[in-house]
Each structure stands twice: as structure tokens, then as C-alpha cells.
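Listed here are the chains, written in short residue letters.
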Amino acid sequence: MTTTIEELFDTGLERYKAGESAESLIPVFKEVCDRSPKASSAWICLAWLYLLDNKAQLAYKAANKAIKLNPQDPQARINLALAMLEIGQKGLREHIDFAQQLIFVNKEWEEEVKKSIEDGLTRKPDWQGLAKVKKWLFEE
């Protein structure tokens, strides 16, 4: 029996929440993206996993795809800004500013972003780029 894309995505998310490594989950989310290329949430997750696994160039591509599919998602913007920061690409400030505006008008998104950042810093404590982005989003 073939696993549906939704089941694959949900299982991958559960495994992530259970603490499984980014490296082992990347193939799961790559498959979701391959099977459902218009699922922005899958691209957002894949970009985040690439960032956690120090694959900024791949994260950049995945985050760009996520933004093309859903420009109003603050996590997609944050992932792209992080990837840009890691690879030394210019222009990331506009994504930070846009994400700030989005989370300012939606408290639920703000909470999700804060949880995501804390999760990232727990999984990768020396992640300087994420610490910078957190500061830009919430302390400036």
C-alpha cells in the first residue's frame, strides 16, 4: 500500500518532534516535495532541515521555492533569510522585515516562529545565524 503524501508529511513531522535528526528526515521531506511540488509547507520543512544539517545552499533553493508558493508565510521568509546569511547573499533584510510585519499582525504566527527558533537553537546551540535572526525579529 502506498503512503499518501499527507501521511508521509505527518509522519515526518512527528519523527522531527520526537527528536529525530535532520539528516535522517531530509529524504522524507524531499519525497513529499517531489510528490507534491506545490506544497509550500513541505518546502518550508525541507529548507529548515537543510539549515539544521548545514546545507545552506540547498536550504536557499528550498526556501525560495516555498516563498514562490506562499509569499505570506513568515517561516519561509525566515528560512530564506537564514540561508542567505549562511551563504553570504545580500538582500536578506527585506525578508526579515516582511516576516516581522507578518508576525506582528498574527500572534499565532509569532508564537510558532518563537517555538521554531527555540527548537533550532536547542538542536543546534551554536547556530549564530539563527541567534542573529531572533534578535532582529524580536529585539530591534
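Residues numbered from 1 in each chain as written. Predicted model: local features only at pLDDT ≥ 70, side-chain atom pairs only at ≥ 80, totals over all residues. Heavy atoms only, no water.

## Points about unusual backbone geometry
Part 1 of the argument: Notably, Asn54 is not glycine yet its phi reads approximately 60°, a positive angle.
Part 2 of the argument: Position of Asn54 relative to the elements: it lies in the loop between helix H3 (40–52) and helix H4 (56–69). (Helix = DSSP H or I, 4+ residues; strand = E, 2+ residues; numbered from the N terminus.)

## Description of a negative patch on the surface
Part 1 of the argument: Together, Glu6, Glu7, Asp10 and Glu14 make up a negatively charged patch on the protein surface.
Part 2 of the argument: Along the chain, the position of Glu14 falls in helix H1 (residues 5–17). (Patch = residues over 30% accessible without salt bridge, like charges linked within 9 Å, V, L, I, M, F, W, Y side chains within 5 Å. Areas by Shrake-Rupley, 256 points an atom, 1.4 Å probe, with all protein chains shown as cover. Salt bridge = Lys/Arg side-chain N within 4 Å of Asp/Glu carboxyl O. Lys, Arg positive; Asp, Glu negative; His and termini not counted. Charge placed at Lys NZ, Arg CZ, Asp CG, Glu CD.)

## Remarks on the packing of aromatic side chains
Part 1 of the argument: Inspection of the entire model under this criterion finds two aromatic pairs.
Part 2 of the argument: Judged by centre distance (5.6 Å) and plane angle (85°), the rings of Phe9 and Phe29 are edge-to-face. Taken together, the residues Phe9 in helix H1 and Phe29 in helix H2 (residues 22–35) connect sequence positions 20 residues apart.
Part 3 of the argument: Residue classification places Phe9 among the buried positions, given a relative accessible area of 15%.
Part 4 of the argument: For the pair Trp48 and Trp127, a centre-to-centre distance of 5.3 Å together with 40° between the ring planes defines the contact as tilted. One end of the pair, Trp48, is in helix H3; the other, Trp127, is in the loop between helix H7 (107–123) and helix H8 (128–138), and 79 residues separate them in sequence.
Part 5 of the argument: Residue Trp48 is classed as buried on the basis of its relative accessible area, which comes to 7%.
Part 6 of the argument: In this structure Trp127 comes out as buried when scored by relative accessible area, which is 2%.
Part 7 of the argument: Its guanidinium or amino end placed over the ring of Tyr16, Arg123 lies 3.5 Å from that ring's centre, counting from NZ or CZ.
Part 8 of the argument: Note that Lys124 overlies the ring of Trp127, its terminal NZ or CZ placed 4.5 Å from the centroid. (Phe/Tyr/Trp six-rings, centres within 6.5 Å; stacked < 30°, edge-to-face > 60°. Buried < 20%, exposed > 50% of the residue type's maximum accessible area, 1.4 Å probe, protein only. Lys NZ or Arg CZ within 6 Å of the ring centre and 35° of its normal.)

## Digging into the layout of surface pockets
Part 1 of the argument: As a volume, the largest pocket reaches approximately 610 Å³.
Part 2 of the argument: Lining the largest pocket are 20 residues, and of these Leu13, Ile44, Cys45, Gln75 and Ser116 lie nearest its centre.
Part 3 of the argument: Of all the elements in the fold, those that place two or more residues in the lining of the largest pocket are H1, H3, helix H5 (74–87) and H7.
Part 4 of the argument: Considered class by class, the residues forming the lining of the largest pocket number eleven nonpolar, four polar and five charged. (1 Å grid on protein atoms, 1.4 Å probe; cavity = no way out; pocket = protein on both sides within 12 Å on 5 of 7 lines; lining within 4 Å. Points joined across faces, edges and corners; volume = space filled by probe spheres on them. Nonpolar A, V, L, I, M, F, W, Y, C, P; charged D, E, K, R; others polar.)

## Some details on the side chain of Asn79
Part 1 of the argument: One can find Asn79 in helix H5.
Part 2 of the argument: Setting aside its immediate chain neighbours within four residues, Asn79 contacts Ile44, Ala47, Trp48, Leu51 and Ala63. (Contact = heavy atoms within 4.5 Å.)

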